[in-house]
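Now for the letters of each chain:
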Amino acid sequence: MSESHGEIHDEHPFVTPPEQRDPARRLRGRLAAPVTILTAGRDRNRTGLTVSSLVVAEGAPPLAYCLLGPESDLIDALRATGRFVVHVCATEHRSIADVFAGIRPSPGGLFRGREAMDTEYGPRLAGFDTFAFCSLVGAREESYSVLVRATIDEIVTAELDDPLLYFRGRYRSLDA
């Protein structure tokens, strides 16, 4: 074990060395992605997840495609209810995005202390001015994820001057 002489290092001590990292993961990390929070369920069965792998396809009806982890509680809720809400995050939503990503603790659950209105699509979080109500069309395993396909039934948009983005493993803003 080497002496650190009290130095603080910028790098994580257990980070995988660059030559051992998955090339596809490295490519994905170089694509800026929007940060969204997907919510589903009702009452005590509410759940949600921060998702950056979401794409909207124009059309009649418009479609949303997203990749979710196969072990996510959200997958079960989507399959049980057939509906969900997509909340588009601004930089002001960084800490709530951390909570729904499981990075920041939330004693009492994801929705504890948060204002959320139950809708027929799932909980709609207060403070999000851009959101969409979606109906599940299908969910199938693709590689290490579950590919979710949904129709977008209703869209509410507002000006979003400073969206929260995910780039190279960190949240970013357009101003950064």
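Residues numbered from 1 in each chain as written. Predicted model: local features only at pLDDT ≥ 70, side-chain atom pairs only at ≥ 80, totals over all residues. Heavy atoms only, no water.

K.L.:
Give me helix H2 (residues 73–81): which residues, what numbers.
P.N.:
Residues Leu74, Ile75, Ala77 and Leu78 constitute the buried set of H2. What you see down the axis of H2 is that its buried residues fit within an arc of 165 degrees, all on one side. Among the exposed residues of H2, those pointing more than 90 degrees away from its buried face are Asp73, Asp76 and Ala80. Looking at where H2 begins, the residue whose side-chain oxygen comes 2.9 Å from the main-chain nitrogen of Leu74 is Ser72. Positioned one or two residues after H2, Gly82 has a phi angle of 75 degrees, which is positive. (Buried < 20%, exposed > 50% of the residue type's maximum accessible area, 1.4 Å probe, protein only. Helix = DSSP H or I, 4+ residues; strand = E, 2+ residues; numbered from the N terminus. Arc of directions from axis to C-beta. Polar contact = N/O pair within 3.5 Å; in protein donor to acceptor, adjacent residues only side chain to side chain.)

K.L.:
So what about the sheet that holds strand E12 (residues 170–173)? Which residues, and what values?
P.N.:
With antiparallel pairing, the 3 strands of this open sheet are ordered in space as E1-E11-E12. For this open sheet the edge positions go to strand E1 (33–34) and E12, each flanked by a neighbour on one side alone. (Pairing = 2+ DSSP bridges.)

K.L.:
Help me get a handle on the layout of surface pockets, residues and values and all.
P.N.:
Counted as a void, the largest pocket has a volume near 1,800 Å³. As for the largest pocket, its lining consists of 43 residues, of which Arg25, Arg28, Gly29, Tyr166 and Gly169 are closest to the centre. Among the elements that take part in the lining of the largest pocket, helix H1 (residues 23–29) stands out by supplying 5 residues, more than any other. When its residues are assigned to classes, the lining of the largest pocket shows 20 nonpolar, 11 polar and 12 charged. Taken as a whole, the second largest pocket encloses approximately 250 Å³ of empty space. (1 Å grid on protein atoms, 1.4 Å probe; cavity = no way out; pocket = protein on both sides within 12 Å on 5 of 7 lines; lining within 4 Å. Points joined across faces, edges and corners; volume = space filled by probe spheres on them. Nonpolar A, V, L, I, M, F, W, Y, C, P; charged D, E, K, R; others polar.)

K.L.:
Pulling in residues and values, what's your account of unusual backbone geometry?
P.N.:
With an omega dihedral of 5 degrees, the bond running from Ala60 to Pro61 counts as a cis peptide bond. Among the secondary structure elements, Pro61 is positioned in the loop between strand E4 (54–57) and strand E5 (63–68). If you check the backbone angles, Arg168 has positive phi at about 55 degrees while not being a glycine. For Arg168, the position within the fold is in the loop between strand E11 (164–167) and E12.

K.L.:
Break down helix H3 (residues 94–101) for me, citing the residues and quoting the values.
P.N.:
Within H3, the full set of buried residues consists of Ile96, Ala97, Asp98, Val99 and Phe100. Packing partners of the buried residues in H3 comprise strand E2 (36–40), strand E3 (47–51), strand E8 (122–125), E11 and E12. One or two steps after H3, the chain reaches Gly102, where phi turns positive at roughly 80 degrees. (Contact = heavy atoms within 4.5 Å.)

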